Amino acid sequence: MSHHRNPRALLTPVMRGVLDRIERAGRPPLHALTPAQARAAYEASAGVLELAPHKLPRVEDLHIPARDGHAIPARLYAPHAEAGAALPVLMYCHGGGFTVGSVATHDVLCRHLAHLAHCAVLSVDYRLAPEHPFPTAVFDAWDSLAWLRAQAAALGLDGTRLAVGGDSAGGTLAAVCALQARDAGWPLALQLLFYPGTCARQDTASHHTFRHGFLLEEAHIRYFFSQYLQRPTDHADWRFAPLDGVDEAGQVRELDGVAPAWIGLAECDPLTDEGVAYADRLRAAGVPVDLEIYRGVVHGFINLGRAIPEALTAHADAARALRHALGTQPATPHARKHP
């Protein structure tokens, strides 16, 4: 994404108004708080501009065994299913810079996706930094997917129709899980990625253009990554940076054979360029990709459904991709928005 002389002019009037109200509120930024304070602040603000939670016939709190014995909290959402029919399922990882966020902060989004896509959604409360630094979140996400695959039938779900998804840091975890599933020979129907972080270094044009005043700021990114990453070499690990990170042999991971991708990006977001670059690398590897860029909105917009119309459009687009991939309904044709 090229530099823009006045990037604020790219914002929709509604998005600009939301950002102005946030600025007038004068609350301390997350990066000025301790991790515990940042989590509490994020939890308190998470539902302010969200939709009303959609009522579903099945909402069940679960615990998933991690490799080290930790019980990972998770929440299963499921719409009505025909008698004897097993629903396909999306495993979802919330955003929050690997430091904040939870099943609770993304409850409304997961309910809405389950309703719109007519599939089950398993939302995973992977462990957060700094108490649990890299690669704990990666391990928790992968252990959750392995558990879901093994336990799907017992949960009344269709383990042959699985997708992974997430937003921001959760999108990173979903993309990494898709690569691990490819390596394990586990077929996935889709990787659903809302503005994922994919790059080892935060030095793209969009990182420069949108570094201040667009909700996710440069200082937030530095703060989150300083909590999550233990060593300088972690930045270049493919499990943090699936776009250009390397494995133990120093090789960039090939992307051929990974699950098809739906990628939804915000135009006014530091992460936009790396999202586009990841879509390009996937396409170059022969992976089907549907890329949507939502104009005039910022990182995190999908959790602002009561205020931002583009959030509802993104929910509908993502659900359409899930229905098509999981076979719950035929997807209707729609125009793609390219960079």
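Residues numbered from 1 in each chain as written. Predicted model: local features only at pLDDT ≥ 70, side-chain atom pairs only at ≥ 80, totals over all residues. Heavy atoms only, no water.

Asker: Can you break down the side chain of threonine 105 residue by residue, with the values?
Answerer: Position of threonine 105 relative to the elements: it lies in the loop between strand 3 (87–93) and helix 3 (107–117). We classify threonine 105 as buried; its relative accessible area is 6%. A distance of 2.9 Å separates a polar atom in the side chain of threonine 105 from the backbone oxygen of serine 102. The contact partners of threonine 105, leaving out residues within four places of it in the chain, are Tyr42, Glu43, Ala46 and Asn303. (Helix = DSSP H or I, 4+ residues; strand = E, 2+ residues; numbered from the N terminus. Buried < 20%, exposed > 50% of the residue type's maximum accessible area, 1.4 Å probe, protein only. Polar contact = N/O pair within 3.5 Å; in protein donor to acceptor, adjacent residues only side chain to side chain. Contact = heavy atoms within 4.5 Å.)

Asker: Account for the side chain of histidine 315, with residues named and values stated.
Answerer: Tracing the sequence through the fold places histidine 315 in helix 9 (residues 309–326). From its side chain, histidine 315 meets the backbone oxygen of isoleucine 302 in a polar contact 2.9 Å long. Leaving out residues up to four positions away in the same chain, histidine 315 has contacts with Leu51, Leu109, His112, Leu113, Leu116 and Ile302.

Asker: Run through the pattern of salt bridges, naming residues and quoting values.
Answerer: Taken as a whole and assessed by the stated rule, the structure comprises 18 salt bridges. For aspartate 107, the salt bridge identified is with arginine 111, shortest N-O distance 2.7 Å. Of this pair, aspartate 107 and arginine 111 both sit in helix 3, four residues apart, which is roughly one turn of the helix. Comparing aspartate 107 with arginine 111, the two get one shared label, buried. Aspartate 237 is the salt-bridge partner of arginine 239, the closest N and O atoms lying 2.8 Å from each other. Judged by its relative accessible area of 22%, arginine 239 falls in the partly exposed class. According to the relative accessible area criterion, aspartate 237 is buried, its value standing at 15%. Via salt bridges that share partners, Asp61, Arg75, Asp107 and Arg111 belong to a single interconnected network. (Salt bridge = Lys/Arg side-chain N within 4 Å of Asp/Glu carboxyl O.)

Asker: Please set out the confidence of the model for the protein chain residue by residue, giving values where relevant.
Answerer: Counting all residues, the mean pLDDT for the protein chain is 95, and 96% of those residues have values of 70 or more. Scored below 50 in pLDDT, residues 330–339 shows 23 contacts in the model against residues more than four places distant or in partner chains. (pLDDT = per-residue confidence, 0-100.)

Asker: Please set out helix 7 (residues 218–228) residue by residue, giving values where relevant.
Answerer: Across the 11 residues of helix 7, eight count as buried, placing the element largely inside the fold. Turning to helix 7, its buried residues are Ala219, His220, Ile221, Tyr223, Phe224, Phe225, Gln227 and Tyr228. Buried-residue contacts for helix 7 involve helix 2 (35–45), helix 4 (136–151) and helix 6 (205–209).

Asker: Requested: an account of the pairing of strand 7 (residues 261–268), with residues and values cited.
Answerer: Summarising burial for strand 7: eight of the eight residues are buried, a large majority. Looking at chain direction, strand 7 and strand 8 (residues 289–298) are connected through seven bridges and run parallel. Across the sheet, residue tryptophan 262 finds its bridge partner in strand 8, namely aspartate 290. For the segment spanning strand 7, helix 8 (residues 272–284) and strand 8, crossover handedness is right-handed. (Pairing = 2+ DSSP bridges. Right-handed = clockwise from strand over helix to strand, strands pointing away.)

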